[in-house]
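Structure at a glance
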Amino acid sequence: MALPEERSEVMLRSMIHRLFMLVVTFVLFSLFVFTLMRLAPGDPASMLLLEIGAVPEQSIVADLQKQWGLDQSFIQQYLAWANHVFQGELGHSFSSGEPVLSEMIERLGSTSKLIASSFLLTLFISIPIGIWMGLNEGTMADRVVYSMTILGLSIPLYWLAILLMYALGVIWPVLPVVGSSTTRHYILPVTAMTLVQSVYFIRMVRSYTIQYSKFSYIEAAKARGLRPSIFYPSYLLRSMFIPILTLITTSLPSFFGASIITETIFSFPGFSKYMLEAIFRRDFPVIQGSALFVAAFIFVFNFMTDLLYFLADPRVHLDKQRWEV
Amino acid sequence: MFGRSGFGVIAVVLLLFIMGCSQHVSSPSAAEEDKNIVVAVTQDTEADKLDASTYNGSRHTHAAIYDALVDYKGKGEFAPSLAESWEISDDGRTYILHLQNQVMFSDGSPLNSAAVKFSLERAVSREENASLEISRLLQKVEAPDDQTVVLSFKDTATQVLYELSQARPYRIMSPNSVTPKGDVNGTFQKAIGTGAWKIAEYQPGIQTVLIPNDHYWLEQPSDYSLVFKVITDPQARVMALQSGEVDLAGGELGNIPMESLPVFQNNDNYVIETGSSTMSYFMVINQHNTSLADKNIRQAINYGNDTSKYAGGSGDPVRGLFQEKVAFISDSNQPSYPYNPEKAKQLIEASGYQWNKNKQLYEKDGQALQLRLVIQSEEYPEWKEMAEIFQDNMKQIGIQIHIVNQERAAYYDTLWSTKEYDLLMYRTYTDAQLPYRFLSSLFYDSPSSPGVAYQDKPLSDLLDQIAATVSTQQQQELFNQVFLRMHEEAMSVPIYYAKQTFVHSSQVVDFRFNAIEDNPLKWHYLKKEAK
């Protein structure tokens, strides 16, 4: 369906505005990460020397700092790094000497599989269960599942992961507990992440269902005796699309966070573990490059969500002011 | 919305999926699996960058691939390795090494003086090795014939054998490891050594497969492959041992938490092996703290420290900073402070502190005797419990301890740069780095480089004299004075003598410890019995 001319114009202007804001946010974010790393205790040169078993003697530390440009002023360091970023380079890792970008790409495969699998599974599990609970609010089944979600919310991912490893790797040894070389290596980590994330999703979807099913147009549709195959997708789900989309968007960073813990426990040589180890080592180029990548991903995802909002909700189009500010 | 049948279908699919997976678990052929000994390690081997002259990768992989010219036997003694004998000039400036005959690198090329010259010159050319004595003092390496190497130093060099025996950076690598071949500044291509193993497969961050070096010269090569599997989380290592995914874990390679050891005790499927170590845990003292500048207080802390309580009382009695296995240490030359809380209190009172009955601690001018103890528990999880025991020990003698557990990078920054601690838990180095290398790194004080762990001119003068002394007997006399000085001044607080603990499946047999912790096990002896 073609968009009306006025609507397209509003959308175009608002998108340009958002893109501009995105660039500004991006610059501010990079500056924030850059500053934070410089303020954090721990010197990368000393850390590298200690990591390799050498003594961080002052002269060697000074030589390394000079080699990495850490002897320059903060502004000089930031501008040099930003200049590289604009040229599509993220610099070289202090510890390995390899280009950060290629190291990141190498590790992104397993992480994206991990996040995508648990993300899709979470949606697949939690949306139907959440809706079902919402529609059966107050029943015994709803109360039981709701109590289970409260329990689930209080279980830390780390603990759940260890529990799954113990149950399915040690007591009933059907799955491998560490590594990422085959598909079956993904089952336990994906399950752990999915379970932890699903609990939150289920509760939210349940509450949306309860809230939206009380709206008059939903009740009217129900009263008209519409078949479930029309009622659920065309009325209930459609009206809940925006809050669910918001839920998905806002939960994405938590999937990244969960992947850091998951990759560490299950010994996944993925991007999140790479980023965490870089933080411990104070490997500035890797930290900055990784943070920039994650931020870019989330920003682009949010931007696309805005587009979907625009297309999905006519009120967004009608509320010109909201989009033109 | 979902009927019972819907859930039933999902349940069946999941069950089938898991059952399918269980078939996959046992899929590698039994014969293939039995030929692999899988070891859990925390650090990636970085096998693609395992240049013998660098610190890349893990120490144990260096030691598995590359041999040293001399082997450290412990207690300051050395055994022949690639060098079958050596002579040292009286002034300690010339070392003549005679190489073994018929030794070959894993690629079949011969070990000769040219390869040794190449390896040493390559290591010396690297900036990160600049602080080592060989790199600082080496003038030239000569190869008068195929089996002889002559090292000439600018000044008296007393640490040469110690440094040559270390896992890196002076082990011997084939000139074919770099391109152009034999170029000291050439680009590293492949790890080629004379050690018992060679690299067959490397998956970064996942695992490294080492296979026996058919040309191994010292003993019979192994019949097995050695797989170093990276597992960073300690609990995951325990699970991997229990699930049978790894056969062996422990030591510095990938420690098993003390609290998890009961899982493997009294279990026929596992064997716990405990070996000695040369490492000690101790407290670094910040002498710039007003209280700790007072020798009485430093001595009081030592007297009040009941070392028998650490590690559930399993540790050896602590007698001084260094274990008895360390070179130049004897049972009589390292005095220690016996546990004596009454004596500790007397010393504190002698320094003008008064007992505050209400607060149950000592005070001076209204100020409580309290100290900030910095630790880290990422690398040494047991330090947390030890710090708490120490805190309790100090409470008994009226000193209040505030424990600050820092993240690893912040902790090292505190030790090496900011010095924002009163006491800091640390550990000694190991093997051939003890005692001289360790003392000169942490206790040597000069105007350009203040001592890291303590600043004491008489001690630094003694270390200078040791560096210029070739005679072992004279060195011993000087070390006796060093240990006495450190004791009298109470420059540190010894806590615990570390041990090496490994756990392996009972299928793995012929487990033997090596003489040095850098290469903790005789890997090529390990075998696997059928279940």
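Residues numbered from 1 in each chain as written. Chains lettered and ligands numbered in written order. Predicted model: local features only at pLDDT ≥ 70, side-chain atom pairs only at ≥ 80, totals over all residues. Heavy atoms only, no water.

Points about the overall build of chain B
A count of helical and extended segments in chain B gives 14 helices and 23 strands. Viewed in the frame of its principal axes, chain B has a C-alpha envelope of about 85 × 75 × 40 Å. Counting across all 531 residues of chain B, residues that qualify as buried make up 56%. Sequence separation of at least 24 residues holds for 67% of the intrachain contacts in chain B that already meet a minimum separation of 6. For chain B, the centre of its 45 positive side-chain charges and the centre of its 67 negative side-chain charges are spaced 3 Å apart. (Helix = DSSP H or I, 4+ residues; strand = E, 2+ residues; numbered from the N terminus. Buried < 20%, exposed > 50% of the residue type's maximum accessible area, 1.4 Å probe, protein only. Contact = heavy atoms within 4.5 Å. Lys, Arg positive; Asp, Glu negative; His and termini not counted. Charge placed at Lys NZ, Arg CZ, Asp CG, Glu CD.)

A short note on the overall build of chain A
Secondary structure summary: chain A contains 15 helices and zero strands in total. For chain A, the C-alpha atoms occupy an extent of roughly 80 × 60 × 30 Å along the three principal directions. The 325 residues of chain A split such that 48% are buried. For chain A, the proportion of contacts with a sequence separation of at least 24, taken over those separated by at least 6, is 71%. Accessible area for chain A stands at about 16,000 Å²; split by element, carbon and sulfur atoms hold 68% of it. For chain A, the distance from the average site of its 22 positive side-chain charges to the average site of its 22 negative ones is 13 Å. (Areas by Shrake-Rupley, 256 points an atom, 1.4 Å probe, with all protein chains shown as cover.)

Thoughts on the interface of chain A and chain B
The partner chain B presents 44 residues to the 45 residues of chain A that form the contact. In total, about 4,100 Å² of surface goes out of reach between chain A and chain B, with carbon and sulfur atoms giving 66% of it. Viewed at the interface, chain B and chain A are joined by one salt bridge. A salt bridge links Glu407 of chain B to Arg282 of chain A; the nearest nitrogen and oxygen atoms lie 2.6 Å apart. (Buried area = accessible area lost by both parts, 1.4 Å probe. Salt bridge = Lys/Arg side-chain N within 4 Å of Asp/Glu carboxyl O.)

Side note on the sheet that holds strand β4 (residues 83-88) of chain B
Residue and element names in this part refer to chain B. An order of β4-β5-β7-β6 is seen for the four strands of this open sheet, with the pairing classed as antiparallel. At either margin of the open sheet sits one strand with a lone partner, and together these are β4 and β6 (138-145). Geometrically, the sheet is characterised by an average inter-axis angle of 20° between neighbouring strands, direction not taken into account. Relative to strand β7 (residues 148-153), strand β5 (residues 94-99) is paired through five bridges, and the arrangement is antiparallel. Following the sheet pairing, Leu97 is matched in β7 by Val149. (Pairing = 2+ DSSP bridges. Axes fitted to C-alpha atoms, helices over the stretch in contact; angles between N-to-C directions.)

Some points on helix α8 (residues 187-212) of chain A
Over its 26 residues, α8 of chain A runs 35 Å from end to end, which matches the ideal 38 Å to within 8%, given 1.5 Å per residue. At Ser198 of chain A, α8 of chain A shows its maximal bend, which comes to roughly 30°. (Expected span 1.5 Å × (residues − 1). Bend = angle between axes of the 7 residues up to and from the residue.)

Some thoughts on the sheet that holds strand β15 (residues 354-356) of chain B
Residues and elements named next belong to chain B. Strands sit in the order β15-β16-β17 across an open sheet of three strands; the sheet is antiparallel. Every other strand in the sheet has two partners, leaving β15 and β17 (367-368) as the edge strands with one partner each. In this sheet, β17 lies alongside strand β16 (residues 361-364) in antiparallel orientation, the contact comprising two bridges. Its bridge partner being in β17, Lys364 is matched across the sheet by Gln367.

Considerations on empty space enclosed by the protein
Residues and elements named next belong to chain B. Considering all chains together, one arrives at four cavities of 30 Å³ or more under this definition. Counted as a void, the largest cavity has a volume near 220 Å³. Surrounding the largest cavity, 20 residues form its lining, Leu132, Gln166, Arg168, Gln433 and Arg437 being those nearest its centre. (1 Å grid on protein atoms, 1.4 Å probe; cavity = no way out; pocket = protein on both sides within 12 Å on 5 of 7 lines; lining within 4 Å. Points joined across faces, edges and corners; volume = space filled by probe spheres on them.)

Description of the nonpolar core
Counting residues in hydrophobic clusters, the biggest one holds 232 residues, and the most contacted among them are Phe390, Tyr426 and Phe443 of chain B. With sequence-adjacent residues up to four places away left out, Tyr426 of chain B is seen in contact with Ser280, Tyr281, Phe282, Val284, Trp383, Tyr411, Tyr412, Leu415, Trp416 and Leu442 of chain B. (Core = buried A, V, L, I, M, F, W, Y, C linked by side-chain atoms within 4.5 Å.)

Description of the packing of helix α6 (residues 140-153) of chain A against α8 of chain A
All names here are of chain A. One way to put it is that α6 packs onto α8 with a least axis distance of 9 Å and a crossing angle of 135°. In this view, α6 runs oblique relative to α8, as classed from their interaxial angle. Read as a crossing pair, α6 and α8 show a hand that is left-handed. On α8, the residues touching Asp142, Tyr146, Thr149, Ile150, Gly152 and Leu153 of α6 are Val199, Tyr200, Ile202, Arg203 and Arg206. Tallied by class, residues from the contact of α6 with α8 come to six nonpolar, two polar and three charged. (Parallel < 35°, antiparallel > 145°, perpendicular 65-115°, else oblique. Left-handed = near helix turned anticlockwise from the far one by under 90°. Nonpolar A, V, L, I, M, F, W, Y, C, P; charged D, E, K, R; others polar.)

Thoughts on the packing of helix α5 (residues 100-135) of chain A against helix α13 (residues 284-312) of chain A
Residue and element names in this part refer to chain A. Running from N to C, α5 and α13 cross one another at 55°; their axes reach a closest spacing of 10 Å. In terms of orientation, α5 and α13 fall into the oblique class. You can see that α5 and α13 cross each other, and the crossing is right-handed. Each of Val100, Met104 and Leu108 in α5 lies in contact with α13, whose residues at this interface are Pro285, Val286, Gly289, Ser290 and Phe293. In the contact of α5 with α13, the residues fall into six nonpolar, two polar and no charged.

Overview of helix α11 (residues 241-265) of chain A
Taking 1.5 Å as the rise per residue, α11 of chain A with 25 residues should run 36 Å; its terminal C-alpha atoms sit 35 Å apart, in good agreement. Maximal helix bending in α11 of chain A amounts to about 35°, located at Leu252 of chain A; proline Pro253 of chain A follows within four positions.

Digging into the confidence of the model for chain B
Do not read the fine detail of predicted coordinates wherever pLDDT is low. For chain B, the average pLDDT comes to 90, and 93% of its residues sit at 70 or higher. Note on residues 1-31 of chain B: pLDDT under 50 across the span, and 20 contacts to partners over four residues away in sequence or across chains. (pLDDT = per-residue confidence, 0-100.)

Let's talk about the packing of aromatic side chains
All names here are of chain B. For the structure shown, the criterion picks out 42 aromatic pairs over all chains. Taken together, a centroid distance of 5.0 Å and an interplanar angle of 85° make the contact between Phe78 and Tyr162 edge-to-face. Here Tyr162 lies in helix α6 (residues 160-165) and Phe78 lies in strand β3 (residues 77-80), a separation of 84 residues in the sequence. Put simply, the rings of Phe282, Phe322, Phe328, Tyr426, Tyr429, Phe438, Phe443, Phe479 and Phe483 pair up and form one aromatic cluster. It is Lys35 that lies over the ring of Tyr224; its NZ or CZ is 4.7 Å from the centre. Above the plane of the ring of Trp355 lies Lys345, whose end atom (NZ or CZ) is 5.7 Å from the centre. (Phe/Tyr/Trp six-rings, centres within 6.5 Å; stacked < 30°, edge-to-face > 60°. Lys NZ or Arg CZ within 6 Å of the ring centre and 35° of its normal.)

Focus on a nonpolar patch on the surface
Residues and elements named next belong to chain A. The grouping of Phe20, Met21, Val24 and Leu28 at the surface amounts to a nonpolar patch, some 370 Å² of accessible area in total. Here Val24 is to be found in helix α1 (residues 5-39). Residue classification places Val24 among the partly exposed residues on the basis of a relative accessible area of 32%. (Patch = residues over 30% accessible without salt bridge, like charges linked within 9 Å, V, L, I, M, F, W, Y side chains within 5 Å.)

Remarks on the environment of Lys229 of chain B
Structurally, the position occupied by Lys229 of chain B is in strand β12 (residues 225-230). With 110 residues separating them in the primary sequence, Lys229 of chain B and Ser119 of chain B have C-alpha atoms 29 Å apart. In this view, Lys229 of chain B contacts Val178 of chain A together with Val38, Val39, Ala40, Val41, Ile206, Gln207, Glu245 and Val246 of chain B; residues no more than four positions away in its chain are not counted.

Observations regarding the pairing of strand β10 (residues 197-203) of chain B
All names here are of chain B. Pairing of β10 with strand β11 (residues 207-212) involves six bridges; the strand directions are antiparallel. By the bridge assignment, Trp197 is partnered in β11 with Pro212. Here β10 folds back onto β11 in antiparallel fashion, the turn holding three residues, of which Gly205 has a positive phi close to 75°.

Description of the pairing of β11 of chain B
As a general feature of sheets, a regular strand has side chains that alternate between the two faces. Residue and element names in this part refer to chain B. Burial runs high along β11: five of the six residues are buried. Of the pairings in the sheet, the one linking β11 to β12 comprises four bridges and is antiparallel in character. Residue pairing across strands places Val209 opposite Val227, the latter belonging to β12.

Considerations on the environment of Ile389 of chain B
Structurally, Ile389 of chain B can be placed in helix α10 (residues 382-396). Ile389 of chain B sits 84 residues away from Asn305 of chain B along the chain, and the two C-alpha atoms are 9.2 Å apart.

Brief notes about the side chain of Ser280 of chain B
Residues and elements named next belong to chain B. Inspection of the secondary structure puts Ser280 in strand β14 (residues 270-285). For Ser280, a relative accessible area of 1% gives the class buried. Within polar-contact distance, the side chain of Ser280 engages the backbone oxygen of Leu321 at 2.8 Å. In this view, Ser280 contacts Leu321, Phe322, Gln323, Tyr426, Arg427, Thr428, Tyr496, Tyr497 and Ala498; residues no more than four positions away in its chain are not counted. (Polar contact = N/O pair within 3.5 Å; in protein donor to acceptor, adjacent residues only side chain to side chain.)

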